[in-house]
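# Summary of structural features
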Amino acid sequence: VIVGGGAAGYAAAHAIRTSGWAGDISVFSADRDAPYDRTLLTKDYLDGHFGDDRLPIAHRGLEELGVSLQLGINVDALDAHDHVLRLTGGGIQRFSKLLLATGADPHKPDFPGADLPHVKCLRSLEDCRQIISAVKRASRVVVLGGSFISLEAAASIRSRGLTVDVISPEPHPLSKIVGRALSELVVQTHRDKGVQLHLGHKIAKVTTNMVTLDDGNVLECDLLVVGIGVEPRVELAKEAGLALDRGVVVDSQLRTSLPDIYAAGDIARWPDPHTNEAIRVEHWVVAERQGAIAGANMLGAATTFEMVPFFWTKHFDLAIRYVGHAQEWDEERCEGSVAERDVIIRYLKAGRELAVATVGRDLQSIQAEQEMMRRLAERRRACSAKLAANQHSSFR
Amino acid sequence: MPRAHESDLPDLSRGTSFDLLKDNRPRLGLVGEERVLLWWDGARACAVAADCTHLGGPLADGLVAEGKIHCPWHHACFDLRTGAAHAAPAFEPLKRYEVRFENDTFFVGQSITSVPNPGWRLGTMPIQL
C-alpha cells in the first residue's frame, strides 16, 4: 500500500508491478488527478506549450499497471503496530508493507488579503488549471517568492505576453542553492524578457486589484501567484510515532524507524553517502528514484539509495542542471562564461566537490554525476582496505 | 532543441560498416521514419530507439557508460542492450530493433516487440509477505 500519488508513489507502484509482483497494490492519493509530471506545471504546461496529453507521469498509468488508485482520499491515521490505515470517511485499509510518499504542501502566505480569490498558490495540477484560467482573463500578474517555482512560473506567464512583476524577499533569489553568479544570470534573464523584479521586498497588503509592497510601492495586479516554498507532509508519520527530523528519518534502504514502513520523496531524510549528511531534498527525479528503490525493497530487494541528487530548472530559454548537494560551500570553481551561458560551476567545501551546476553543458552535468559515483566507490574501496589492514595488524 | 536534419542521417537498414562502430560510440541513423541508435558493445551490436521515453531528449548526445546511456536533458538512463529504462525520469523502455551481420556490415531490421523488464526481477529476491 502506498500513500501518495506523486512522483515517489507512482515510481514505487511501477517498480513493484514491473518487478513481477502479481498481488494487490493500492495507492491512496489526496490529489484529485492521476499521477502527472509536476515539473511541467511551472514550465511547458503553464506557458501553453504542452497540453493535457503531455501531463501523465509516464505512458502507462497506474490502472494499466493493475494498481488500485483512489484519488481525493486522505489517510487520517496509521496504526503501525496493527498494519492498518484509517481513511477519511471511516474506511480502513490493511497492509503488509507501506510506503509513505505524502509529498509537501505549499507554505501559505500571511499578509492582509492573502485569502482573496485572486491569490493562488501553485503546487497541484488543479492549482495550475485555476492559474491558467485566471491568466487568460488577467493582464497584470504579480508573482511572490524567490523560489524555483515562483521564478519558473513568472517566466511561463510572461511568455504568454502578460505584464509580470516578481516580488522576492530574498535580495539574491536562488543564491543559497546555485550561488551568486547563477542567481544573477537568472535575474538578468528575467529582466531581459521584461519581467519586473522587486528584490529584497515583502508584500504589505493585497486588495482586489493592488499589491502594496513593504516600501509603500503599489503594483496593479489582477492575479497574484504565490511560490514561497513547501512544507513536508509528515502529520501521518508523526502521529504514527515514526522518527522525525525535519522530515521522516529513513535508512539507506529507505526504511523508517518502524518495521514494514518505508518513506520516499519530499518527506524523506536519508543518509546521503556522497556528503555523509542526512539530507532531504524536494527534487522530482530524486523522488522518482527513491520510490523505485523503496518499491523494490518492499518486495525484499534490500537495495540502497545512492543516487547523486539532480534537478533542472528552466527560465525562458535558460536551463540550469544541478547534480549533488551543497548546503554550504566555501569555494566556487567556474569554467567558461556565465554571461555566454556556457559554464560549469563546482561548489566545494574544504576542497571537496559537493555539487556541480551547468549551463549549456549538458554532457558535463552527467559526467560530473558519474564522477561523484566513482569517487563514492573509491572511498568505499579505500575504507574496506583500511579496515582489512587494521584487522590484520590486530591479529599480530 | 536543434536536431540534425533527418535526411542527413544514415539509413541504418541499408547497412553500417563495422569500422564505423569500433569506437564504441552509438551511431545515430534512421530505420524507416524512426530515429535509431546502433551500438557495438565490444561483442555484439544492438539497436534501440534514439529518443528518450521521458520527454524525447536526444540520447545520441548523452553519455555512454557501462552499457548504459544517460539522457542529456534530465538524466534518465537506459540499458543499451535491452532498452530497459534503468532510472527515472524514464519509466518505459526504448524500442529495440533486430540487427543482422553480413560481410562486415550491420543491418538494422524491424523493431522487436517484446518489452524488456527492468534489471531487477522478483524471482531472484528473498520475499516474504
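Anyway, here's the lowdown on the structure attached to this text. (Residues numbered from 1 in each chain as written. Chains lettered and ligands numbered in written order. Predicted model: local features only at pLDDT ≥ 70, side-chain atom pairs only at ≥ 80, totals over all residues. Heavy atoms only, no water.)

To continue, consider the overall build of chain B. Scanning chain B from terminus to terminus reveals zero helices and ten strands. In chain B, the succession of helices and strands from N to C terminus is β-β-β-β-β-β-β-β-β-β. Out of the 129 residues in chain B, the part that is buried amounts to 51%. A sequence separation of at least 24 residues applies to 38% of the contacts in chain B between residues at least 6 apart. Carbon and sulfur atoms form 47% of the exposed surface of chain B, whose accessible area is close to 6,500 Å². (Helix = DSSP H or I, 4+ residues; strand = E, 2+ residues; numbered from the N terminus. Buried < 20%, exposed > 50% of the residue type's maximum accessible area, 1.4 Å probe, protein only. Contact = heavy atoms within 4.5 Å. Areas by Shrake-Rupley, 256 points an atom, 1.4 Å probe, with all protein chains shown as cover.)

As a further point, take helix α4 (residues 175-192) of chain A. Residues and elements named next belong to chain A. Here α4 is 18 residues long, yet its end C-alpha atoms lie only 19 Å apart, well below the 26 Å a rise of 1.5 Å per residue gives. Most pronounced at A181, the bend in α4 amounts to some 80 degrees. Along α4, the residues that are buried comprise S175, V178, G179, L182, S183, L185, V186, V187, T189 and H190. Backbone geometry just downstream of α4 places G194 in the positive-phi region, at approximately 95 degrees. (Expected span 1.5 Å × (residues − 1). Bend = angle between axes of the 7 residues up to and from the residue.)

Strand order across the open sheet formed by three strands is β18-β20-β21 (chain A), with mixed pairing between neighbours. Edge positions in the open sheet fall to β18 (248-249) and β21 (277-279) of chain A, since each of these has one partner strand only. (Pairing = 2+ DSSP bridges.)

Moving on: the packing of aromatic side chains. One pass over the structure, following the stated rule, counts twelve aromatic pairs over all chains. For the pair A:Y10 and B:F91, a centre-to-centre distance of 5.0 Å together with 80 degrees between the ring planes defines the contact as edge-to-face. Of this pair, A:Y10 sits in helix α1 (residues 7-18) while B:F91 sits in the loop between β8 (85-87) and β9 (96-102), placing the two residues on different chains. For A:Y10, a relative accessible area of 1% translates into the label buried. (Phe/Tyr/Trp six-rings, centres within 6.5 Å; stacked < 30°, edge-to-face > 60°.)

This part is about the interface of chain A and chain B. Interfaces are frequently sized by the accessible area removed from exposure as the parts join. Counting from both sides, the interface comprises 36 residues of chain A and, opposite them, 28 residues of chain B. Of the roughly 2,700 Å² buried where chain A meets chain B, counting both sides, 64% is carbon and sulfur surface. We note a salt bridge from A:R60 to B:E92, for which the minimum N-O separation is 3.2 Å. At the junction of chain A and chain B, the tally comes to seven residue pairs in polar contact (both at pLDDT 80 or more). With seven residues, the top contributor of residues to the side of chain A that touches chain B is helix α7 (residues 362-395) of chain A. Among the residues making up the side of chain A that touches chain B, the classes are represented as 17 nonpolar, ten polar and nine charged. (Buried area = accessible area lost by both parts, 1.4 Å probe. Salt bridge = Lys/Arg side-chain N within 4 Å of Asp/Glu carboxyl O. Polar contact = N/O pair within 3.5 Å; in protein donor to acceptor, adjacent residues only side chain to side chain. Nonpolar A, V, L, I, M, F, W, Y, C, P; charged D, E, K, R; others polar.)

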